[in-house]
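Descriptive analysis of the structure
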Amino acid sequence: MKRILSTGALVCILGAASSLAFAADKIDADDFVEEVSAKGIAEVQSAKMAQQKSSSADIKAFATKMITDHTAANAELAGIASRKNLEVSDEAEMTNKAKKFMLEQRDGESFDKAYAKNQVAAHEDTIELFQRATLSDDAEIAAFATKTLPKLQNHLKMAKELAATHDKE
């Protein structure tokens with residue numbers, strides 16, 4: 001009997017610990033909206049630059065998809081933020097500006113390689129934010145994150161394929 005109680009207590013302790021760890025991975029709705037809106041703006045800006053600077057058809061096609069998908073996600077997020085009285089970023093965060101500056105310095109194949117590599121990193125980071133947001137206490141934010149996550153994962157897959165292709169050049 002004592003062993004059953006000890007095992008039960010251990011299960012409860014482990015369950016509580018995992019719940020705390022799970023909760024620690026959540027992101028606050030305010031922080032999510034601020035970070036994701038900045039990243040969304042940066043995504044569209046860098047894709048527009050890719051359309052101008054790249055001579056590669058696959059980079060341009062990917063950039064067009066990024067503009068379409070991220071513009072739609074940005075608009076949906078802005079609507080959610082407006083309903084909840086949350087602020088969206090009106091300017092990309094400094095790290096994304098730094099990446100953009102680096103991309104502006106490159107042309108041709110070097111640009112394509114840098115853009116593809118940056119898209120992999122940007123989407124990995126964004127996916128992590130969206131995964132955390134799926135755990136949000138805010139049902140609308142969690143639903144938005146859950147709905148958008150598969151598209152972002154597809155973008156990452158595409159970006160990795162581009163990076164592999166342009167890394168060989």
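Let me begin by describing the structure that accompanies this report.

1. Digging into the overall build of the chain
- The secondary structure content of the chain amounts to 6 helices and 0 strands.
- Going from N to C terminus, the chain has its helices and strands arranged as α-α-α-α-α-α.
- Residues counted as buried form 38% of the 169 residues belonging to the chain.
- Once local pairs closer than 6 in sequence are excluded, the contacts in the chain between residues at least 24 apart make up 78%.
- Accessible area for the chain stands at about 9600 Å²; split by element, carbon and sulfur atoms hold 57% of it.

2. Overview of the packing of aromatic side chains
- Inspection of the entire model under this criterion finds 5 aromatic pairs.
- Taking 5.8 Å as the distance between ring centres and 45° as the angle between the ring planes, the aromatic pair formed by Phe130 and Phe144 counts as tilted. Highlighted residues: Phe130 in helix H5 (residues 108–133) and Phe144 in helix H6 (residues 139–167), separated in sequence by 14 residues.
- Taken together, the aromatic side chains of Phe32, Phe130 and Phe144 make up a single cluster linked through ring pairs.

3. Regarding the pattern of salt bridges
- Applying the stated criterion across every chain, the model contains 9 salt bridges.
- The closest approach of N and O atoms between Lys26 and Asp137, which form a salt bridge, is 2.8 Å. Remark: Asp137 occurs in the loop between H5 and H6 and Lys26 occurs in the loop between helix H1 (2–24) and helix H2 (29–53); sequence separation between them is 111 residues.
- Of the residues examined, Lys26 reaches a relative accessible area of 26% and is grouped as partly exposed.

4. What about the nonpolar core?
- Among the nonpolar cores identified, the biggest contains 35 residues, and Phe32, Val33, Tyr115, Phe130, Ile141 and Phe144 are the most heavily contacted of them.
- Elements supplying a minimum of two residues to this core: H2, helix H3 (57–84), H5 and H6.

5. Regarding H6
- End to end, H6 covers 41 Å across 29 residues, agreeing with the expected 42 Å (1.5 Å per residue, within 8%).
- For H6, the principal kink sits at Leu149 and spans about 35°; a proline, Pro150, occurs within the next four residues.
- The backbone nitrogen of Glu140 lies 3.0 Å from a side-chain oxygen of the residue at the head of H6, namely Asp138.

6. Digging into H3
- With 28 residues, H3 ought to run about 40 Å at 1.5 Å a step, and its terminal C-alpha atoms sit 40 Å apart, in line with that.
- Within the sequence span of H3, burial applies to Ile59, Phe62, Ala63, Met66, Ile67, Asp69, His70, Ala73, Leu77, Ile80 and Ala81.
- At the exit of H3 stands Asn85, carrying a positive phi of roughly 60°.

7. Digging into the packing of H2 against H6
- It is at 10 Å that the axes of H2 and H6 come closest, and there the two elements cross at 40°. Relative to H6, the element H2 is oriented oblique. For the crossing formed where H2 meets H6, the hand is left-handed. Counting all contacts with H2, which are made through Ala29, Phe32 and Val33, the residues of H6 involved are Ile141, Phe144 and Ala145.
- Considered class by class, the residues forming the contact of H2 with H6 number 6 nonpolar, no polar and no charged.

Each value, and the rule that gives it
- Residues numbered from 1 in each chain as written.
- Predicted model: local features only at pLDDT ≥ 70, side-chain atom pairs only at ≥ 80, totals over all residues.
- Heavy atoms only, no water.
- Helix = DSSP H or I, 4+ residues; strand = E, 2+ residues; numbered from the N terminus.
- Buried < 20%, exposed > 50% of the residue type's maximum accessible area, 1.4 Å probe, protein only.
- Contact = heavy atoms within 4.5 Å.
- Areas by Shrake-Rupley, 256 points an atom, 1.4 Å probe, with all protein chains shown as cover.
- Phe/Tyr/Trp six-rings, centres within 6.5 Å; stacked < 30°, edge-to-face > 60°.
- Salt bridge = Lys/Arg side-chain N within 4 Å of Asp/Glu carboxyl O.
- Core = buried A, V, L, I, M, F, W, Y, C linked by side-chain atoms within 4.5 Å.
- Expected span 1.5 Å × (residues − 1).
- Bend = angle between axes of the 7 residues up to and from the residue.
- Polar contact = N/O pair within 3.5 Å; in protein donor to acceptor, adjacent residues only side chain to side chain.
- Axes fitted to C-alpha atoms, helices over the stretch in contact; angles between N-to-C directions.
- Parallel < 35°, antiparallel > 145°, perpendicular 65-115°, else oblique.
- Left-handed = near helix turned anticlockwise from the far one by under 90°.
- Nonpolar A, V, L, I, M, F, W, Y, C, P; charged D, E, K, R; others polar.

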